[in-house]
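# Coordinate analysis (summary)
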Amino acid sequence: MRTPLYRILILLIGSIHAIGTTQETEHLVTQQLSFEEYIGFVKKHHPLMKQAELTISIGAANLMKARGGFDPKIAIDFDRKKFKKTEYYDQLNATFKIPTWYGIEFKANFEENTGEFLDRSLTLPDGGLYSAGVSFSLARGFLTNKRMATLRKARFFRQQTKADRDLLVNKLLLEASNAYFRWVEANNEQGIYQRFLQNAEKRLHAIKQSVIAGDKAAIDSIEASIALQNRKLNLEAATLKNKKASLAVSNYLWLQDVPIELEDHVHPTVPDITKFEAIIRTEQFQNTAEFVANHPKLASLDAKIQGLKIDKRFKMNKLLPKIDLQYNFLSPDATPASGFDTANYKAFVDVAFPLFLRKERGDLRLAAIKLKDARFERMAASLKILNKIEASQAEITSLEAQNSLITNMVSDYTTLLKAEERKFSLGESSLFLINSREQKLIQAQLKENQLTIKQLMAIATYYNAIGSAI
């Protein structure tokens, strides 16, 4: 059994030939690439889809990096000086630290110092000195600090990258959908001119026979020939337009990071508009406010605002004085139960406070401005999304009415052309009137084709406006 991927490869790459049962010659079989197959291929293989997934990896990597600020740390500092067989000093300092929330840090330490010229303050008991203690901040850095703020911001950044991924995917699928719809329009336009070219060829042949028989004037064959040349000219332009549209679609078709070019025998199919509209009508037209609230763009801005709030709180915390405390129990014995005594300790206090706080107040003001700017951006984005959704809804409704009208017009123009052809066959009309009626019909069919594509694009735009992939 052949897989769907194999069928797509055959459809897009290979030129398929079939051997007729009554003839030995091979002829090309026309293949169709449906919109569902095309969009499925874009979602699975396009490089930008893979690139969009990288944004989530970036968010996860930043979160891991921020969590690294709370990793336990081991540090060993060894310093020795020896000169002319004299050992001046030999100092060993090994530390194990455990950072925790709220700026509290637990520490265990071992020191061993020896040497003939060792500073008296560094003299320790034989076998070294053990210590265990805690350091923390009473004001600045207690409720929030750089380590805590970085981790909190990284969590919101991860949410932001998920929303940004959705925005990238939706934008790519909208562009890919519109490229396919333009291909459908160009392909249908080429088909229209092909059909009327065949009509012009048949009409010219019939008129030439009538001229030979003496039923028509020779000038009629010239007019029919001009009409045929005009149809050929229109078909050539439509063929070029179709080729360019298919190449634009090929920009979105990839396989294993290799672009795929559509073969000339591959043609698109018109998507079922009623199916797309049924989904929109029943599930989404009534939920505009909900879709605005859950839009990926607003989710991204909300995460950005939360991160800026954390940054503002961090900058505000810097207005407080710096009061860092550290207390360590000391013992020559590594056994805590018997060795540590509260009378043996080492402690220090570090207090600092800028007099004017100009740097801190400036940082806080900048953080507040950034937060306010992000809030204004969200307000504008929310209104823009709401207006875009309502505009798409209005466009879809209007195009439904326009398509209904143009369908009736095409039917009426077809009836007029057939009636004019019957009158011409009875000698009651002229070739000029037939060509005029036919030209009106061509224009109506082209307009019908354009409105159908506009309706499809409006539906795709609506999906994009509500932040959903088509």
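Structure: see above.
Figured I'd write up the structure that's included with this text. Please read all numbers here as calculations on a predicted model, not as lab measurements.

Further remarks concern the overall build of the chain. Helix and strand content of the chain: eleven helices and twelve strands. The globule rule puts the C-alpha radius of gyration for 470 residues at 23 Å, and the 39 Å found for the chain is more than 25% above it. Projected onto the principal axes, the alpha-carbon positions of the chain cover approximately 135 × 55 × 40 Å. Buried residues in the chain amount to 37% of all 470 residues.

Once that is clear, we can look at the nonpolar core. Most often, soluble globular proteins have nonpolar side chains that are buried together. Core analysis: the biggest nonpolar cluster contains 49 residues, and Phe35, Tyr38, Trp183 and Leu253 have the highest contact counts within it. Listed by contribution, the elements that provide at least two residues to this core are helix H2 (35–45), helix H3 (47–67), helix H4 (146–213), helix H5 (218–250), helix H6 (273–283), helix H8 (296–317), helix H10 (358–425) and helix H11 (431–465). With eleven residues, the top contributor of residues to this core is H4. Ranked by size, the runner-up nonpolar core spans 20 residues in total, among them Ile207, Leu431, Ile434 and Ile442.

A cluster of basic side chains, namely Arg67, Arg155, Arg158 and Lys162, defines a positive patch on the protein surface. Turning to its location among the elements, Arg155 is positioned in helix H4. In this structure Arg155 comes out as partly exposed when scored by relative accessible area, which is 38%.

Under the 1.5 Å per step criterion, the end-to-end length of H4 is 99 Å for 68 residues, consistent within 8% with the ideal 100 Å. At the N-terminal boundary of H4, the capping side chain belongs to Asn145, with an oxygen 3.1 Å from the backbone nitrogen of Arg147. Following H4 by one or two positions, Gly214 adopts a phi angle in the positive range, close to 90°.

Turning to a nonpolar patch on the surface, a few remarks are in order. On the surface, Ile74, Ile76, Phe96, Ile98 and Phe106 cluster together to form a nonpolar patch covering roughly 520 Å² of accessible area. Along the chain, Phe96 turns up in strand S5 (residues 86–99). Take Phe96: its relative accessible area is 35%, and that puts it in the partly exposed class.

Right, let's get into the packing of aromatic side chains. The full count for this structure, using the stated rule, is ten aromatic pairs. Measuring from ring centre to ring centre gives 5.1 Å for Phe35 and Phe181, while their planes differ by 25°; the resulting arrangement is stacked. Taken together, the residues Phe35 in helix H2 and Phe181 in helix H4 connect sequence positions 146 residues apart. On the basis of relative accessible area, Phe35 is assigned to the buried category, the value being 4%. Following the ring pairs from residue to residue traces out a cluster consisting of Phe35, Tyr38, Tyr180, Phe181 and Trp183. Here the basic side chain of Lys81 rests over the ring of Tyr88, its NZ or CZ set 4.6 Å away from the ring centre. Just above the ring of Phe70 sits the side chain of Arg147; from NZ or CZ to the centre is 5.3 Å.

Along the polypeptide, Gln160 turns up in helix H4. Sequence separation between Gln160 and Arg437 is 277 residues; the distance between their C-alpha atoms is 58 Å. Here Gln160 is in contact with Ser300, Ala303 and Lys304, once residues within four sequence places are set aside.

What follows covers the pairing of strand S6 (residues 105–114). Here S5 runs beside S6; their pairing, made up of ten bridges, is antiparallel. Its bridge partner lying in S6, Gln91 is registered against Asn113. In this structure, the hairpin formed by S5 and S6 is closed by a connection of five residues, where Tyr102 is found at a positive phi of approximately 60°. Note that S6 and strand S7 (residues 129–137) share seven bridges and pair antiparallel. Note that in S7 the partner of Phe106 across the bridge is Val134.

With that out of the way, let us pick up the pattern of salt bridges. Using the criterion set out here, one finds 18 salt bridges in the structure. Two residues, Arg203 and Glu421, come together in a salt bridge whose shortest N-O distance is 3.2 Å. On the criterion of sequence distance, the pair formed by Arg203 in helix H4 and Glu421 in helix H10 is long-range, its members being 218 residues apart. Relative accessible area serves as the criterion here: at 33%, Glu421 is assigned to the partly exposed category. The shortest N-O distance in the salt bridge between Asp264 and Lys243 comes to 3.0 Å. Here Asp264, found in the loop between strand S9 (258–259) and strand S10 (266–268), pairs with Lys243, found in helix H5; they are 21 residues apart in sequence, far enough to count as distant. Using a relative accessible area of 29% as the deciding quantity, one classes Lys243 as partly exposed. The network of salt bridges with common partners includes Arg203, Arg231, Glu421 and Glu438.

Below, the discussion takes up the sheet that holds strand S4 (residues 73–83). One open sheet accounts for six strands, arranged S4-S5-S6-S7-S11-S12; its pairing is antiparallel. Both edges of this open sheet fall to S4 and strand S12 (345–352), since each of them pairs with a single strand only. Sheet twist, expressed as the mean angle between neighbouring strand axes with direction ignored, is 15°.

Right, let's get into the environment of Ile98. As for its placement among the helices and strands, Ile98 is situated in strand S5. Every residue in contact with Ile98, bar those within four places of it in the chain, is listed here: Ile104, Glu105 and Phe106.

The rules behind each value
- Residues numbered from 1 in each chain as written.
- Predicted model: local features only at pLDDT ≥ 70, side-chain atom pairs only at ≥ 80, totals over all residues.
- Heavy atoms only, no water.
- Helix = DSSP H or I, 4+ residues; strand = E, 2+ residues; numbered from the N terminus.
- Rg over C-alpha atoms; globule rule 2.2 N^0.38 Å.
- Buried < 20%, exposed > 50% of the residue type's maximum accessible area, 1.4 Å probe, protein only.
- Core = buried A, V, L, I, M, F, W, Y, C linked by side-chain atoms within 4.5 Å.
- Patch = residues over 30% accessible without salt bridge, like charges linked within 9 Å, V, L, I, M, F, W, Y side chains within 5 Å.
- Areas by Shrake-Rupley, 256 points an atom, 1.4 Å probe, with all protein chains shown as cover.
- Salt bridge = Lys/Arg side-chain N within 4 Å of Asp/Glu carboxyl O.
- Lys, Arg positive; Asp, Glu negative; His and termini not counted.
- Charge placed at Lys NZ, Arg CZ, Asp CG, Glu CD.
- Expected span 1.5 Å × (residues − 1).
- Polar contact = N/O pair within 3.5 Å; in protein donor to acceptor, adjacent residues only side chain to side chain.
- Phe/Tyr/Trp six-rings, centres within 6.5 Å; stacked < 30°, edge-to-face > 60°.
- Lys NZ or Arg CZ within 6 Å of the ring centre and 35° of its normal.
- Contact = heavy atoms within 4.5 Å.
- Pairing = 2+ DSSP bridges.
- Axes fitted to C-alpha atoms, helices over the stretch in contact; angles between N-to-C directions.

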